[in-house]
Amino acid sequence: EPEVTQTPSHQVTQMGQEVILRCVPISNHLYFYWYRQILGQKVEFLVSFYNNEISEKSEIFDDQFSVERPDGSNFTLKIRSTKLEDSAMYFCASSELTSADTQYFGPGTRLTVL
Amino acid sequence: AQSVTQLGSHVSVSEGALVLLRCNYSSSVPPYLFWYVQYPNQGLQLLLKYTSAATLVKGINGFEAEFKKSETSFHLTKPSAHMSDAAEYFCAVSDQGYSNTGKLIFGQGTTLQVKP
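Predicted model only: the values in this text are computed from it and were never measured.

Draft legend 1. Region of interest: the overall build of chain A. When helices and strands are tallied, chain A shows 0 helices and 11 strands. Taken from N to C terminus, the helices and strands of chain A fall in the order β-β-β-β-β-β-β-β-β-β-β. Whereas a compact globule of 114 residues would reach a radius of gyration of roughly 13 Å, chain A reaches 13 Å, a difference of no more than 12%. Counting over 114 residues, chain A shows a buried share of 46%. Contacts in chain A between residues far apart in sequence, at least 24 positions, make up 55% of those at least 6 positions apart. Accessible surface, chain A as shown: approximately 5,700 Å² in total, 47% of it carbon and sulfur. Between the averaged position of the 9 positive side-chain charges in chain A and that of its 15 negative side-chain charges there is a distance of 6 Å.

Draft legend 2. Expanded view of the interface of chain B and chain A. Across the boundary between the two partners, chain B contributes 18 residues, which contact 19 residues of chain A. Surface buried jointly by chain B and chain A totals about 1,700 Å² across both partners, of which 53% is contributed by carbon and sulfur atoms. Counting the surface chain B buries against chain A, the share from its top three residues, Leu44(B), Thr101(B) and Phe106(B), is 31%. With its nearest N and O atoms 3.0 Å apart, the salt bridge here joins Lys103(B) to Glu56(A). At the boundary of chain B with chain A, the tally comes to 6 residue pairs in polar contact (both at pLDDT 80 or more). Partitioned by chemical class, the residues of the side of chain B that touches chain A number 8 nonpolar, 8 polar and 2 charged.

Draft legend 3. The nonpolar core, seen in detail. Of all hydrophobic cores here, the largest spans 27 residues; its most connected members are Trp35(B), Leu48(B), Phe74(B), Leu76(B) and Tyr89(B). Of all the secondary-structure elements, those providing two or more residues to this core are strand S2 (10-14), strand S3 (19-26), strand S4 (31-38), strand S5 (44-50), strand S7 (64-68), strand S8 (73-78), strand S9 (87-95) and strand S11 (110-115) of chain B. If sequence neighbours within four positions are ignored, Leu76(B) has contacts with Val19(B), Leu20(B), Leu21(B), Trp35(B), Leu47(B), Leu48(B), Phe63(B), Glu64(B), Ala65(B) and Tyr89(B). Counting 22 residues, the second-largest nonpolar core is a separate cluster that includes Val19(A), Trp34(A), Phe65(A) and Val67(A).

Draft legend 4. Expanded view of the sheet that holds strand S8 (residues 75-79) of chain A. Residues and elements named next belong to chain A. Read across the open sheet, the 4 strands follow the order S1-S3-S8-S7; overall the sheet is antiparallel. Of all strands in the sheet, those bounded by a partner on one side alone are strand S1 (5-7) and strand S7 (65-68). This sheet shows a mean twist of 20° between the axes of neighbouring strands, independent of strand direction. Taken together, the 5 bridges between strand S3 (residues 19-24) and S8 define a ladder with antiparallel strand orientation. Counted as the bridge partner of Cys 23 is Phe 75 from S8.

Draft legend 5. Inspection of the state of the cysteines at higher detail. What the rule picks out here adds up to 2 disulfides over all chains. Between Cys23(A) and Cys92(A) runs a disulfide, and the two sulfur atoms are separated by 1.9 Å. Taking the torsion about the S-S bond as the criterion, the Cys23(A) to Cys92(A) disulfide, at about -65°, is left-handed. With Cys23(A) in strand S3 and Cys92(A) in strand S9 (residues 88-95), this pair connects stretches of sequence that are 69 residues apart. In terms of burial, Cys23(A) and Cys92(A) fall into one category: buried. Here Cys23(B) pairs with Cys91(B) through a disulfide, and the sulfurs are 2.0 Å apart.

Draft legend 6. Geometry of the pattern of salt bridges. Residues and elements named next belong to chain A. Tallying each qualifying case throughout the model produces 4 salt bridges over all chains. Notably, a salt bridge pairs Arg 36 with Glu 44, separated by 3.3 Å at the nearest N-O pair. Under the relative-accessibility criterion, Glu 44 is labelled partly exposed at 21%.

Calculation notes
Residues numbered from 1 in each chain as written. Chains lettered and ligands numbered in written order. Predicted model: local features only at pLDDT ≥ 70, side-chain atom pairs only at ≥ 80, totals over all residues. Heavy atoms only, no water. Helix = DSSP H or I, 4+ residues; strand = E, 2+ residues; numbered from the N terminus. Rg over C-alpha atoms; globule rule 2.2 N^0.38 Å. Buried < 20%, exposed > 50% of the residue type's maximum accessible area, 1.4 Å probe, protein only. Contact = heavy atoms within 4.5 Å. Areas by Shrake-Rupley, 256 points an atom, 1.4 Å probe, with all protein chains shown as cover. Lys, Arg positive; Asp, Glu negative; His and termini not counted. Charge placed at Lys NZ, Arg CZ, Asp CG, Glu CD. Buried area = accessible area lost by both parts, 1.4 Å probe. Salt bridge = Lys/Arg side-chain N within 4 Å of Asp/Glu carboxyl O. Polar contact = N/O pair within 3.5 Å; in protein donor to acceptor, adjacent residues only side chain to side chain. Nonpolar A, V, L, I, M, F, W, Y, C, P; charged D, E, K, R; others polar. Core = buried A, V, L, I, M, F, W, Y, C linked by side-chain atoms within 4.5 Å. Pairing = 2+ DSSP bridges. Axes fitted to C-alpha atoms, helices over the stretch in contact; angles between N-to-C directions. Disulfide = S-S within 2.5 Å.

In structure tokens, the structure reads:
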């Protein structure tokens, strides 16, 4: 069964460093998302991406964040200068044809900012 | 604005007992409603979703949920708990509006413990 994959599973970085989290969505999916979950808190929407552009972003997704689909398979989330409060589990998701379709989630990347 | 409230961060049941996980939503437009399950070290997996067809929705692993507009609820149930049901469960909402971008709003999650 097709699945969303994410790499790395765990990323440790120093405050102020740039990180890139990578996701490979399911191959025929058109909608892509990033969510995050700070330890002990709820899963929060960051951004949705369709047709090579951001369709919606949350207040969390400020200028330090960017997303890109550099090729036909990868979907990346970049944090330009990490802060301690960026430490969280980051989930990538994709859905097939419309934004109402089921979103399939990856296993997540745990980001630890020291 | 939409929101989701899950009553009870931890629920403990005995194996074979009824599972009831509560979810209430707030939405100014007709909602789509979802239940996701997360097993340790895994991503979120869809259990079931409500998309304005039948109000009683059946999902995987014997779970079902009923959409009750008058109560703004979408509680998840399973008649008989199994040890393998132990996991974290998330209720989520998105809107059916024309401008829907697929954004999911999640509740806080409920950890289900199943005792032998």
